[in-house]
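Overview (structure and organization)
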Amino acid sequence: QNIHLVAKWLSSLEKKLEQLSEGSHQDFRVFISAEPAPSPDSHIIPQGILENSIKITNEAPTGMHANLHKALDNFSQDTLEMCTRENEFKSILFALCYFHAVVAERRKFGPQGWNRSYPFSTGDLTISVNVLYNYLETSSKVPYDDLRYLFGDIMYGGHITDDWDRRLCKTYLEEFIKPEMLEGELLLAPGFPLPGNMDYNGYHQYIDDALPPESPYLYGLHPNAEIGFLTQTSEKLFRVMLGMQPQDTSMGEGGVVTREEMVKALLEEMLEKLTDEFNITELMMKVEERTPYVVVAFQECERMNILTSEIKHSLKELDLGLK
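Residues numbered from 1 in each chain as written. Predicted model: local features only at pLDDT ≥ 70, side-chain atom pairs only at ≥ 80, totals over all residues. Heavy atoms only, no water.

- As annotated in an unreviewed UniProt entry, the protein chain carries the name DYH9 protein and comes from Pluvianellus socialis.

This is the structure in structure tokens:
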């Protein structure tokens, strides 16, 4: 698990997998987990392991609808029924799910969402619900202030390092978790009131039926906040599309030269420019006295011959590959 943490050992793993694959049982499998690299330059897993693997990725949900369903999926009907103060517990749990979806999805808005990127995870949500359960079971009244402090300063706030981000997190909790939520008057977003007492499937159905279409309003943002995110998404899409197209360049009178033909032309040009190898024996015969400078010159000639030979060999192999 987490093999991205042991970069130096990965070459040994690749060799072991090669050894074990010979004569192994046909149902033998190795399951490996790794964190995705932030950029192509950061990939450290050997190519051999990747080529022989079936890759499965767990993509984070996008959009409020998917995030809210995913947050609720961490619980079950048994979770909703485990607290004696069922009405309060269900209301705050659903508000927490919405809060989690908001803080997780605000990252897509860049600096307008959060000043810094924070690793909020479902673990923060499940621990918060456990804390909620313990507090409701031991308190005669719902301790709204204590709960907001625990969620905003410890559970989720533990990740936050920026003062303005911490203030934003607290403001969300002040809006989502307050006494009015039990009176049926709380709007989590414009047009999306907090649901009443329902069963587990009922909450999922309520999300499908009542959640407004995706918009920055659901996160408490102005519609213009989406411009930067959409621009960045469209630019990425066009970059990928351009990268997938044949790399052709127009020439002269409507002619088209493919990338392979351009490489071929460069290859021939480089082969023409390559000098012949030095004839070391002939050079030695011309020298009368072997001074240190002459010895160094001979050594450099030998190295140059090796380099020239390697370049010629590589260019010929590339030519064969193009053919």
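**Some thoughts on the side chain of Asp319**
- Residue position: Asp319 is located in helix H13 (residues 292-322).
- Given the relative accessible area of 14%, Asp319 is considered buried.
- A polar contact is formed between the side chain of Asp319 and the side chain of Lys264, at a distance of 2.6 Å.
- The contacts of Asp319, once residues within four sequence positions are left out, are Lys264 and Leu267. (Helix = DSSP H or I, 4+ residues; strand = E, 2+ residues; numbered from the N terminus. Buried < 20%, exposed > 50% of the residue type's maximum accessible area, 1.4 Å probe, protein only. Polar contact = N/O pair within 3.5 Å; in protein donor to acceptor, adjacent residues only side chain to side chain. Contact = heavy atoms within 4.5 Å.)

**Some details on the environment of Gln112**
- Secondary-structure assignment places Gln112 in the loop between helix H5 (86-105) and helix H6 (122-138).
- Its relative accessible area of 47% is what places Gln112 among the partly exposed residues.
- In this structure the C-alpha to C-alpha distance between Gln112 and Glu86, which are 26 residues apart in sequence, comes to 37 Å.
- Residues within four places of Gln112 in sequence aside, it is in contact with Arg106, Leu221 and Ala225.

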